[in-house]
Each structure stands twice: as C-alpha cells, then as structure tokens.
Amino acid sequence: MSDATLPAGGFAQQPVTDQSFENALAKARDGKRLTVADGVELITTGTDVEGIHPGRKEQVLEAADRRRAEVVGDEVTFVANLNNNVTTACNTGCLFCNFKDRSEQFRSDYQQDHGGFTKTPAESREIVGDAVDRGIYEVCSVSGLHPALALDDEHIEMLEASDREDLNYRPASEYDTDPGTYCEQIRAMDVGDVHVHSMTPEEAYHARRGTDWSYEEVFRRLKDAGLDSVPGTAAEILVDEVREVICPGKIDSAEWLEAMEAAADVGLGTTATIMYGHVENARHRVEHLRKVRALQDRTGAITEFVPLSFVHEETPLYDRGMVEGGASDDEDELMIAVSRLFLDNVDHIQSSWVKYGDSGGLKMLTCGADDFMGTILSEEITKRAGGDYGEFRSVREYTDMITAIGRTPVERSTDYEQRRVVDPEADVLGPTLGPRADGTPLLR
C-alpha cells in the first residue's frame, strides 16, 4: 500500500487566473474555444468570490444546457449493457479505490477468505452469453491488475523467461483460479457479435510489461481477439502532481494519453473519464479537460466524456483523513456543465446514475449531459467504494425517468451510430439493438 501524502506546501498548480468570470461566460455563450483560465473561472463561478455563487452557477448551467441542445438536441441516450469485471486482484495501491483485493490473498497457499473474485474465460463467456441472450448490446470489462494476467501466450513466455523482479508477474499455477490471458478473456466475451468495451490504458500497460511492444501492438492483438472499443478510465486526474498522491503506482498522464492515442490509431473507438472530488483543485480539473480536448483534436476517437464523482466512504483516502468527503452537488453540476462547454469536440457528456443517483443523475441532464449510462446488470467498483445507488436500470425505468423531465429516451449502440427512439406508451419495453435483442425486458 502506498504511503503517499498530500504535498506539505500544497500543489504547485492553483486555481488563480487573470481572467474574469464575466468574460469567460461570454466566451462560453458565444461558442468560442475556452482557455484553462476560462474553465477555472466557470467551474469556480469566479475566483474573485469565495465558494460557489448561486446566481453565477445557474448562468453556467444554462449556457451548458443550451449548448447541449444545440449539439445533440433533446434526446437522452442509454445503452443496454453488462459489466463483467474479471478480477478484483490488484496490488497497485490506489488510495481512491476499494474495488481491489491484495493479489497475494488469491494465491493457493493463502488460507483466509478475502472476499474477492477472479473469473476464468469460460465463466466470463457464460455470463456474457446469458446477457446477450437477454438482449444486451455491449459488455464492459474493467478489472484489477492480476499478476498472472498477460496479453497472450507469447507474453507469458517472455515474462517467465525474464529475471526482472519489478514486473508484477506470477504464474497462474500459484492461484486458485486461472484468469487466462487478456486475449483469452476478450475472445471469451466476444459472444454473438456483442460489442466488447474493455482494456483501459492501465490494463494495456500491464499487458505489455517486460516487453518492447508498443501500445499499438498490444491493442492490435486485442482487436484481433475481438476488442471493439476502449474505456478511457484509469484517467482519474491527468495531472501528475495529483496522481503522485492518489495513485503513485499507476502510469503517468503522458503514458495514459499515449495508450489512448495508440488505441485510436489501430481503429478502436474510445471514451474518456475524469474522477474528481478528492484531493485535486479546480485548476487540476480544467487541466484534465484541456488534455482530453487535445487528445480528441489528434484522434477524433472519443465518443463520450464521463465525469465520475468520487465516492469516498470506503476508500483509503477517507480512512487516512486525506479527504472528508466527495464533491458537493454544486461541484457535480458545474463539472458536467464545464465539461460540455470546454470539450467543444466531444458530442456526448454522460451522467452517471451510479455516482449521482436517480434524482442527481436527472439533474445532470439539465446541466449539459445527454447520455444516461447503461443498464449495467452488475456494478462492483462503485458499490465496493460505498456507493448505494443500485446495480441495474431497466429500459422501462429509463423511459419513465427521461420522459418525466420532458426529454426523449433513445436506446443507442456504444458508438452512438445506431439509435432507437423508445415509445413510452408501449406495453412492453426492452432493448432491440443487441445482436439477440427482441424488445422483451432484460430481467425475466
């Protein structure tokens, strides 16, 4: 576990600007590309005032909601999907996370119960196959960095032949459950033309450790195995002075961006995220947006941006007294709004009902967001961090909530290319875009 602490003298980057809130708001309303200083003024409702100014906040939200309507209209999209996280085994030591279980606890000679899990490729295939039969379009898979996981058989041979002790590798024979390789897991989840959304930049780094392979080579092999798109998670905050505190064992910002660009270069669609509301400040949040916008300028591959509000209750950051809580409601709303205004090259901003809850998630749809996640069917990561907003959302629930705020519910594909307006008056509501979907409800 990391012994990282907050910098004694504070962070070098601070939310101080030579811009004014009024000028930044005018630029946002006019649709001009915003600078970091503009973004800081908007996300703080002005650095000239303490705290969040209610009237200014409403002006920012109104500008973002207007921009949302101009870019994507009044549709609110969602995808019929399943989360199939392969393993909780991980020893990276991120202080914001309670999803992982120390990987040594998974070894066969460990005698105590650790409460974690690892799935074999066969188990993943059975889980995904059942969900595809029920109508899902997408399987999303994000997992811990199990020491036995390697890209493929060639990678295993290279790891076993290496005498390096810094590769976080142990053979699968030392564990009760063999997770297989990344390529085997992707092939297992590639059931009946389902869209496989997996392999974060951090997992891609794990899948090339001990080799001279490029990220392009790694993602090319994964694509050949059935990978369709890459989730831009593990981004947290793309400012290294923050990463050194909350996740010093992870790749740095530059390597995250390198991996994402490589995924796009081999033809994989991507998403991007931010995990905010912990030790970072307003400038860090906007610097993160700047890097995502620049990445999109280079690749054009990002389909959606996903702000993720930090859930603190069961995390080391909270246990160690490094944070007292997560983001406030005002901060959540402004994060969504400024994401919409700053990311002028990303069409879709997602509201997470897992992070914000139903009412909070619906509120974000009036602050600039236009996508409302997916059905999920299972969600372990937020639940383990103390989240309590549930693990499943039906098409009926989506339709009722979205129509209640006067918007149009639309089932979508992962890449937003396929879309179906849902009829709220239909007697039976279920997904239709999945490879085996027939319009019946996901749950029997």
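Description of the structure in this document. Only a predicted model underlies this, so the values are computations on that prediction, with no experimental measurement involved.

### What about the layout of surface pockets?
Part 1 of the argument: Looking at the second largest pocket, its volume works out to about 290 Å³.
Part 2 of the argument: Around the second largest pocket, the lining is made up of 15 residues, and of these D166, L167, N168, Y205 and R209 lie nearest the centre.
Part 3 of the argument: Partitioned by chemical class, the residues of the lining of the second largest pocket number 3 nonpolar, 7 polar and 5 charged.

### Some remarks on helix α4 (residues 121-134)
Part 1 of the argument: In this model, α4 (14 residues) spans 20 Å end to end at C-alpha, consistent with the 20 Å of a helix rising 1.5 Å per residue.
Part 2 of the argument: Every buried residue of α4 is listed here: P121, S124, V128, G129, A131, V132 and R134.
Part 3 of the argument: In this fold, the buried residues of α4 make contact with β2 (81-83), β3 (138-141) and α6 (182-189).
Part 4 of the argument: Among the residues trailing α4, G135 stands out with phi positive, at a value near 125 degrees.

### Structural notes on unusual backbone geometry
Glycine aside, the phi torsion of most residues is negative, and most peptide linkages are trans.
Part 1 of the argument: Look at A234: it is not a glycine, yet its phi comes out positive at around 70 degrees.
Part 2 of the argument: With relative accessibility at 10%, the residue A234 sits in the buried group.

### Details of the packing of aromatic side chains
Each aromatic ring pair is described using two quantities: the centre-to-centre distance and the angle formed by the ring planes.
Part 1 of the argument: The final tally for this structure, using the stated rule, is 2 aromatic pairs.
Part 2 of the argument: Relative to Y398, the ring of F78 has its centre 4.3 Å away and its plane inclined at 10 degrees; by these criteria the two rings are stacked. Highlighted residues: F78 in strand β1 (residues 75-79) and Y398 in helix α16 (residues 395-404), separated in sequence by 320 residues. By the burial criterion, F78 is buried, and Y398 matches it.
Part 3 of the argument: Three or more aromatic residues joined by ring pairs make a cluster, and in this case those are F78, F372 and Y398.
Part 4 of the argument: For R221, the ring lying beneath its charged end belongs to W213, and the centroid distance is 4.2 Å.
Part 5 of the argument: Taking the ring centre of Y416 as reference, the NZ or CZ of R412 above it sits at 4.2 Å.

Rules of the game
Residues numbered from 1 in each chain as written. Predicted model: local features only at pLDDT ≥ 70, side-chain atom pairs only at ≥ 80, totals over all residues. Heavy atoms only, no water. 1 Å grid on protein atoms, 1.4 Å probe; cavity = no way out; pocket = protein on both sides within 12 Å on 5 of 7 lines; lining within 4 Å. Points joined across faces, edges and corners; volume = space filled by probe spheres on them. Nonpolar A, V, L, I, M, F, W, Y, C, P; charged D, E, K, R; others polar. Helix = DSSP H or I, 4+ residues; strand = E, 2+ residues; numbered from the N terminus. Expected span 1.5 Å × (residues − 1). Buried < 20%, exposed > 50% of the residue type's maximum accessible area, 1.4 Å probe, protein only. Contact = heavy atoms within 4.5 Å. Phe/Tyr/Trp six-rings, centres within 6.5 Å; stacked < 30°, edge-to-face > 60°. Lys NZ or Arg CZ within 6 Å of the ring centre and 35° of its normal.

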